[in-house]
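Below, each chain spelled out in residue letters.
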Amino acid sequence: NTAFFKAIDYAESCGADRLKAVSLNNIGDNFLSLRNYEKCREYAIKAINFNKGLIENKKSSASLRENANRGIAINYELLFRCYLNQNLIEEARESIQKGIPFARVANESYINSQYDLAFGKLRALDKEMDSAKYYFEKAIEDAKVQGDLRNEFEAFLSEAKYMKNFTFNRRLQLLDSALQIAKKTQYYEGISNTAEQLSLVYDQLGMTDSALSYFRLYR
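Comments concerning the pattern of salt bridges
If you walk through the whole model with that rule in mind, you get 13 salt bridges. Arg93 is the partner of Asp126 in a salt bridge, and the nearest nitrogen-oxygen pair spans 3.1 Å. Placement of Asp126 in the loop between helix 6 (109-125) and helix 7 (129-145) and of Arg93 in helix 5 (residues 89-106) is noted, with a sequence separation of 33 residues between them. Note that Asp142 is salt-bridged to Lys138, the shortest N-O span being 3.4 Å. One end of the pair is Asp142 and the other is Lys138, both in helix 7 and four residues apart, which spans about a single turn. Taken together, the shared-partner salt bridges connect Asp29, Glu77 and Arg81 into one network.

Here it is as structure tokens:
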């Protein structure tokens, strides 16, 4: 976060509004990884308000407005994940709903994949499993359009975590796919999160040695 705070200072000193907007969102994302949800929300909301200000500013260029619109879609998705991690489902649902108009305007595979993931999680929590499966698979398809391994990883992990009606073998396959991507990209938080889910699945299967091995990797 220190680097992003410095980036904001530099952005303000040279009028780089786009850099400031991105840095605000990145700070919020880092606080989410640290499970500091209050700070995550604070910076996600700051990013939303800053981007809205850029859109409303008549002096903003067309490209800056376009990037700000894209930014708001990303900001609301961050806010969604923050609320979801706290199990505040209705607040999470409201956040993603607010972001939909901006995501539609952006119409970018990276953002579409993130929103598909959000819809999949919400449908699964509503026990609408067929609909959830559709959105998770669509998230993978959208992620592959730009070779976006991070969103592809998140789709595999989320499908294994939220699709409780899947067989243990299917969930293990999805988690193995997620783990391979996380290792390939050296995404250590992803390795940890996948190992945690693998530990839980193996524990449910009564395979205590494997469960313990992945729990150690998670830790």
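What follows picks up the thread again.
Thoughts on helix 6
For helix 6, with 17 residues, the first-to-last C-alpha span of 24 Å sits near the 24 Å given by 1.5 Å per residue. The element helix 6 is largely enclosed, with a buried count of 13 among its 17 residues. Positive backbone phi, at 65°, marks Lys127, one or two positions downstream of helix 6.

Describing the packing of aromatic side chains
According to the stated counting rule, one finds eight aromatic pairs in the structure shown. Between Tyr115 and Phe119 the ring centres are 6.3 Å apart and the planes differ by 70°, which places this aromatic pair in the edge-to-face class. Of this pair, Tyr115 and Phe119 are both found in helix 6, four residues apart, which corresponds to roughly one turn of the helix. Summarising the burial analysis for this pair, Tyr115 and Phe119 share the class buried. Summarising the aromatic geometry, the rings of Tyr134 and Tyr135 are spaced 5.1 Å apart at their centres and angled 75° between planes, so their arrangement reads as edge-to-face. Given a relative accessible area of 18%, Tyr135 falls into the buried group. The ring of Tyr43 has Lys46 lying over it, and the distance from NZ or CZ to the ring centre is 4.5 Å.

Digging into the layout of surface pockets
Quantified by volume, the largest pocket comes out at close to 1,100 Å³. Lining of the largest pocket is provided by 40 residues; of these, Leu32, Arg81, Asn85, Glu154 and Glu189 occupy positions nearest its centre. Contributions of two or more residues to the lining of the largest pocket are made by helix 2 (17-33), helix 3 (37-56), helix 4 (62-85), helix 6, helix 8 (149-162) and helix 10 (188-204). Per-element accounting of the lining of the largest pocket gives the leading share, nine residues, to helix 4. Grouping the amino acids of the lining of the largest pocket by side-chain chemistry returns 14 nonpolar, 13 polar and 13 charged.

Conventions and cut-offs
- Residues numbered from 1 in each chain as written.
- Predicted model: local features only at pLDDT ≥ 70, side-chain atom pairs only at ≥ 80, totals over all residues.
- Heavy atoms only, no water.
- Salt bridge = Lys/Arg side-chain N within 4 Å of Asp/Glu carboxyl O.
- Helix = DSSP H or I, 4+ residues; strand = E, 2+ residues; numbered from the N terminus.
- Expected span 1.5 Å × (residues − 1).
- Buried < 20%, exposed > 50% of the residue type's maximum accessible area, 1.4 Å probe, protein only.
- Phe/Tyr/Trp six-rings, centres within 6.5 Å; stacked < 30°, edge-to-face > 60°.
- Lys NZ or Arg CZ within 6 Å of the ring centre and 35° of its normal.
- 1 Å grid on protein atoms, 1.4 Å probe; cavity = no way out; pocket = protein on both sides within 12 Å on 5 of 7 lines; lining within 4 Å.
- Points joined across faces, edges and corners; volume = space filled by probe spheres on them.
- Nonpolar A, V, L, I, M, F, W, Y, C, P; charged D, E, K, R; others polar.

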